[in-house]
Protein chains: 2
Amino acid sequence: MKKGKATIHDIAEKLNITASTVSRALNDNPRISENTKKLVLKMAKQLNYQPNHIASALRSGKSKLIGVLVPTANRNFFSSVVRGIEDIANELDYKVIISQSYEDSEKEIQNIEALLNARVDGIIASIGKNTENFDHFQKVLDKGIPLVLFDRITNQLDVSQVVIDDYQGAYDTTKHLIEVGCKRIAHFTSPKKINIYKERLRGYEDALKDFDIPFDPELIEESNMQLEDGRISMENIINKGIEFDAVFSSSDYAVMGAMQVLREHKISVPEQVKLAGFGNEPFTSFTAPPITTVDQKSIPMGRVTAETFFELLKLDGKKGNNQKTVLKPELIIRESTQKSN
Amino acid sequence: MKKGKATIHDIAEKLNITASTVSRALNDNPRISENTKKLVLKMAKQLNYQPNHIASALRSGKSKLIGVLVPTANRNFFSSVVRGIEDIANELDYKVIISQSYEDSEKEIQNIEALLNARVDGIIASIGKNTENFDHFQKVLDKGIPLVLFDRITNQLDVSQVVIDDYQGAYDTTKHLIEVGCKRIAHFTSPKKINIYKERLRGYEDALKDFDIPFDPELIEESNMQLEDGRISMENIINKGIEFDAVFSSSDYAVMGAMQVLREHKISVPEQVKLAGFGNEPFTSFTAPPITTVDQKSIPMGRVTAETFFELLKLDGKKGNNQKTVLKPELIIRESTQKSN
DNA sequence: ACTATTTGAGCAATCGATTGCATATTTATA
DNA sequence: TATAAATATGCAATCGATTGCTCAAATAGT
């Protein structure tokens, strides 16, 4: 077996034509006759020719790779978005490099660096919770490399972005809680005021206002929003003796923690306290009772993000108008907010 | 701002030396004097030189990319393994391309193809459930490209692999169920007889045997092991009126489904029926009661897999002995198997 | 029939880094 | 001091595909 793989030169030699012609034929260049193209294709198949993307990338400056940077792939939301991106990208013959920042700013910077070194044609990213300086993203923009942000965005950058309407999702959820009779709705949010948490808080506040329910700062719990944090927040509220009849958490994980604590305190859900989360993580449908939450339309978000990205790519560095797409979230009503009468 | 980025030629020009020297200096080649190296490094910094990995890959044939193929990144186990792999890879200045087969054989083949086209230096993979033909992996081996399989393996390939001791994990779990008093233990498994399910079934059977509990085929439920499948399996057993006092499922998702059905039938866990899963997915600790399961040591598995991979890479195509590493799993005992007396 | 135009294909440079071989300079050895 | 050995660097080919430019042949236009 010949070790070296077939190149366009091998094809050219066999057909007594030049490599240029082969290259053009393979790229369906109109300057090449149909007949020659057919011959080249056939010979390529016969020699089991596999294009060397590295060589092509070097010469053309296009790697056909997209770098996708997410806080963690291990979350239904992010992995679904990635799936959506992949769907579109693969159709267009692009490959996706997934890179995780693990919510670590330093790693985020390194990963961006690494992706650029890998000569990706562009980057799609969701910003880590702890990132407050955006120079590394600005650098990408400065180089004219296509960049699209999704979900975790910042308004400190002039960049295309895709988000869901976090405000609306939170508003709808809060409204729903009010409609099933809640008047003392606790809200779990993050001290990190990244866009998504700010918007959700705002939606919560506006819904209260619209239904003439007073906003009580005592009902706001700030934390890192993991399961354990949700437990602590819930314990806090209970221990302080604060009256409450619902929890609306900006994170499914935190609401899960709250539910555990309520159970330990023999406070029944939804009879005594109603619960709602955000994110529609699969486990929210597993629990007893299943938890009301907000679906973030992850797959559409992935697809829209990819489409936005490829439009940007088509501009080829020419400054176009940055797109901001806002998707409608969907309130998924489950047993945890069932009206108890 | 100069658009074109600095190359080794730019550095060379500034220092009045040749690109070869610069290249060697940057690669810390011993044939270059310390002094020159220092100068080159300084100038590289000054010009903000970023090596072009594409060019380097083309010439050297090494892309410093590892392709990682998993059924889905959206599972704690797989994403943790990937994390372990990344840890090691990044230390060695390698980047990881994550690629998902979504348990689809066709996509698995395409992804392998795509990874090879991206000229990865090697591949780390976990085989999709439905894959029965392994030609695409054999092709990788035939090309002398390093390949390591983890968790979902096959003995039809002569390849390095890393697994946990599924047999032991299942044996320990079954033994534990017996020790807390169970005598009629149902087992959920997959009709796809990939290694992990086969081994777990074997562990279950052997534990029964060792404790003189008869094996009853009526207690074996085969399915695709998702949550919904677990529900169906549980319904089957209940509807057939088969006596049982425990379920040991080869999948956490399926056991979750079983738990839901039991709850709906007002069968209490763990008092009437004890439950155990496999995989230690995070949600197993969220549920009420939390579910006993087997931890698969995902991060160590990732690290060991990566280490095995890099050993293979060092051999540079020379046939070495294939390594098979077996990690010890850990039984995580939770409330769902609490002894009720 | 003769020039103008279109079509098809070849030539050679190029992308940026690597590397085998040759050469120049310095140091060690006899 | 002449020669061998070691050290430091340069030269030029190379990896495989792409592409601007040139050129030849075929077709069209008058």
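All chains use their own residue numbering, which begins from 1 and follows the written sequence. Both sets of labels track the order of writing: A upward for chains, 1 upward for ligands. Two thresholds apply to this predicted model, a pLDDT of at least 70 for residue-level local features and 80 or more for giving and counting side-chain atom pairs, whereas whole-chain, interface and lining totals are computed over all residues. As a rule here, side-chain values cover all heavy atoms of the structure and leave hydrogens and water aside.

A. Focus on the overall build of chain A. We count a stretch as a helix when DSSP gives it H or I for four or more residues in a row; a strand needs E for two or more, and each element gets its number in order from the N terminus. Counting secondary structure elements, chain A contains 12 helices and 12 strands. Residue burial in chain A is summarised as follows: out of 341 residues, 58% are buried. In this description, contact between two residues means that some pair of their heavy atoms is separated by no more than 4.5 Å. For chain A, long-range pairs separated by at least 24 residues make up 73% of all intrachain contacts whose partners lie at least 6 apart in sequence. Taken as a whole, chain A presents about 15300 Å² of accessible surface, with 48% of it coming from carbon and sulfur. Burial status follows relative accessibility: with a 1.4 Å probe on protein chains alone, a residue under 20% of its type maximum counts as buried, one over 50% as exposed, and anything between as partly exposed. Per-residue accessibility takes into account occlusion by the displayed protein chains alone, with areas from the Shrake-Rupley method and a 1.4 Å probe.

B. Up close: the UniProt feature "domain: HTH lacI-type" (unreviewed entry) in chain A. UniProt positions are given in the numbering used here, feature names are shortened, and annotations may be inferred rather than shown by experiment. UniProt tags residues 6-60 of chain A as "domain: HTH lacI-type" (unreviewed entry). Helix makes up 67% of residues 6-60 of chain A and strand 0%. Its end C-alpha atoms lie 20 Å apart.

C. Examining the packing of helix α6 (residues 105-117) of chain A against helix α7 (residues 135-142) of chain A more closely. Residue and element names in this part refer to chain A. Look at α6 against α7: their axes get within 9 Å of each other, and the N-to-C directions meet at 20°. On the basis of their axis angle, the class for α6 and α7 is roughly parallel. Note on element contacts: α7 touches α6 through His-136, Phe-137 and Val-140, opposite Glu-108, Ile-109, Ile-112 and Leu-116. Following the grouping adopted for this structure description, the nonpolar residues are Ala, Val, Leu, Ile, Met, Phe, Trp, Tyr, Cys and Pro, the charged ones are Asp, Glu, Lys and Arg, and the polar ones are all others, Gly among them. Tallied by class, residues from the contact of α6 with α7 come to five nonpolar, one polar and one charged. Axis angles are defined between N-to-C directions and span 0 to 180 degrees, where every axis is a line fitted to C-alpha atoms and, for a helix, only to the segment in contact. By the definition adopted for this analysis, an angle is roughly parallel if under 35 degrees, roughly antiparallel if over 145, roughly perpendicular if from 65 to 115, and oblique otherwise.

D. Fine view of the interface of chain B and chain A. In this complex, chain B contributes 44 residues to the contact, which on the side of chain A involves 45 residues. The three residues of chain B that bury the most area against chain A are B:Ile54, B:Arg119 and B:Phe286, which together make up 18% of that side's buried surface. Any Lys or Arg side-chain nitrogen found within 4 Å of a carboxyl oxygen on Asp or Glu counts as a salt bridge. Remark: the boundary between chain B and chain A carries zero salt bridges. What qualifies as a polar contact is a pair of N or O atoms within 3.5 Å, subject to a donor-acceptor requirement within protein and to the restriction that residues adjacent in sequence count only when both atoms come from side chains. Summed over the shared surface of chain B and chain A, the number is 14 residue pairs in polar contact (both at pLDDT 80 or more). The buried area of a pairing is the accessible area, by a 1.4 Å probe, that goes missing from both parts when the two are put together, added over both.

E. Structural context of the domain arrangement of chain A. Residue and element names in this part refer to chain A. By domain assignment, chain A separates into domain 1 (8-51), domain 2 (63-164 + 298-326) and domain 3 (166-296 + 332-337). Domain extents, as shown, originate in an automatic or database domain assignment. In this structure, domain 2 and domain 3 have C-alpha centres spaced 30 Å apart. Each partner contributes residues to the interface: domain 2 has 12 residues there, and domain 3 has 14 residues. Of the roughly 1300 Å² buried at the junction of domain 2 and domain 3 (both faces included), carbon and sulfur atoms supply 45%. Our count for the domain 2 to domain 3 interface comes out at one salt bridge. The tally of links between domain 2 and domain 3 comes to eight residue pairs in polar contact (both at pLDDT 80 or more). By residue class, the composition of the side of domain 2 that touches domain 3 is five nonpolar, three polar and four charged.

F. Inspection of the environment of A:Glu199 at higher detail. Residue and element names in this part refer to chain A. Along the chain, the position of Glu-199 falls in helix α9 (residues 195-210). Under the relative-accessibility criterion, Glu-199 is labelled partly exposed at 27%. Separated by 29 residues in sequence, Glu-199 and Ala-170 have C-alpha atoms that sit 7.9 Å apart. Apart from the residues lying within four places of it in its own chain, the contact partners of Glu-199 are Asp-166 and Tyr-167.

G. Expanded view of the packing of helix α1 (residues 8-15) of chain A against helix α2 (residues 19-26) of chain A. Residue and element names in this part refer to chain A. At a minimum axis separation of 8 Å, α1 and α2 run at an interaxial angle of 110°. With respect to each other, α1 and α2 are oriented roughly perpendicular. Contacts from Ile-8, His-9, Ile-11 and Ala-12 in α1 reach Ala-19, Val-22, Ser-23 and Leu-26 in α2. Looking at side-chain class alone, the contact of α1 with α2 contains six nonpolar, two polar and no charged residues.

H. Quick look at the relation of the copies chain B and chain A. When the copies are overlaid, the least-squares fit takes in C-alpha atoms only where the residue has pLDDT of at least 70 in both copies. When chain B is brought onto chain A, the operation consists of a screw motion whose angular component is 180° and whose axial shift is 0.1 Å, with 0.2 Å RMSD remaining. Between the two chains, the operation in question is that of a two-fold axis. A shared interface surface links the copies, since 98% of the contact residues of chain B are contact residues in chain A too.

I. Structural context of the pairing of strand β2 (residues 95-100) of chain B. Residue and element names in this part refer to chain B. With respect to burial, β2 is a largely interior element, six of its six residues being buried. Burial of the side chains of β2 extends over both faces: Lys-95, Ile-97 and Ser-99 are buried on one face and Val-96, Ile-98 and Gln-100 on the other. In this description, strands pair whenever DSSP reports at least two bridges between them. Alignment of strand β1 (residues 65-70) against β2, held across six bridges, turns out to be parallel. Paired with Gly-67 across the strands is Ile-97, a residue of β2. We call a crossover right-handed when, viewed with the strands running away from us, the connection from the first strand over the helix to the second turns clockwise. Regarding topology, helix α5 (residues 76-91) serves as the crossover connection from β1 to the parallel β2, and that connection is right-handed.

J. Up close: the protein's contact with DNA strand D. One heavy atom suffices: a residue is near a molecule or strand as soon as one of its heavy atoms comes within 4 Å of it. Around DNA strand D lies a shell of 26 residues, among which A:Ile8, A:Arg24, A:Tyr49, A:Arg59 and B:Thr21 are the nearest. Across the atoms of DNA strand D situated within 4 Å of the protein, the share located in sugar and phosphate is 54%. In this structure, A:Arg24 approaches DNA strand D through a side-chain N or O atom, which is 2.5 Å from a base oxygen. Here A:Ala55 contributes a backbone N or O atom positioned 3.2 Å from a base nitrogen of DNA strand D. Put simply, the parts of the chain that give the surface near DNA strand D at least two residues each are α1, α2 and α4 (53-60) of chain A together with α2 (19-26) and α4 (53-60) of chain B. Of the residues belonging to the surface near DNA strand D, the class tally is eight nonpolar, 13 polar and five charged.

K. Structural detail: the protein's contact with DNA strand C. Surveying the vicinity of DNA strand C reveals 27 residues, the closest of which are A:Thr21, A:Thr36, B:Arg24, B:Tyr49 and B:Arg59. Near the protein, within 4 Å, the atoms of DNA strand C are sugar or phosphate in 53% of cases. Between DNA strand C and the protein, one listed contact pairs a base oxygen with a side-chain N or O atom of A:Arg59 at 2.7 Å. One of the side-chain N or O atoms of B:Ser23 is found 2.8 Å from a phosphate oxygen in DNA strand C. Where the surface near DNA strand C is concerned, the elements lending two or more residues are α2 and α4 of chain A together with α1 (8-15), α2 and α4 of chain B. Among the residues forming the surface near DNA strand C, the class breakdown is eight nonpolar, 13 polar and six charged.

L. The arrangement of the sheet that holds strand β11 (residues 324-327) of chain B in detail. All names here are of chain B. One open sheet holds the six strands; their spatial order is β2-β1-β3-β4-β5-β11, and the pairing between them is parallel. Taken across any chain shown, the strands that pair with only one partner, and hence form the sheet edges, are β2 and β11. Shown here is a sheet whose adjacent strand axes are inclined to one another by a mean of 15°, direction ignored. The sheet contact formed by β1 and strand β3 (residues 122-125) spans four bridges and is parallel. Within the sheet, the bridge partner assigned to Gly-67 lies in β3 and is Ile-123.

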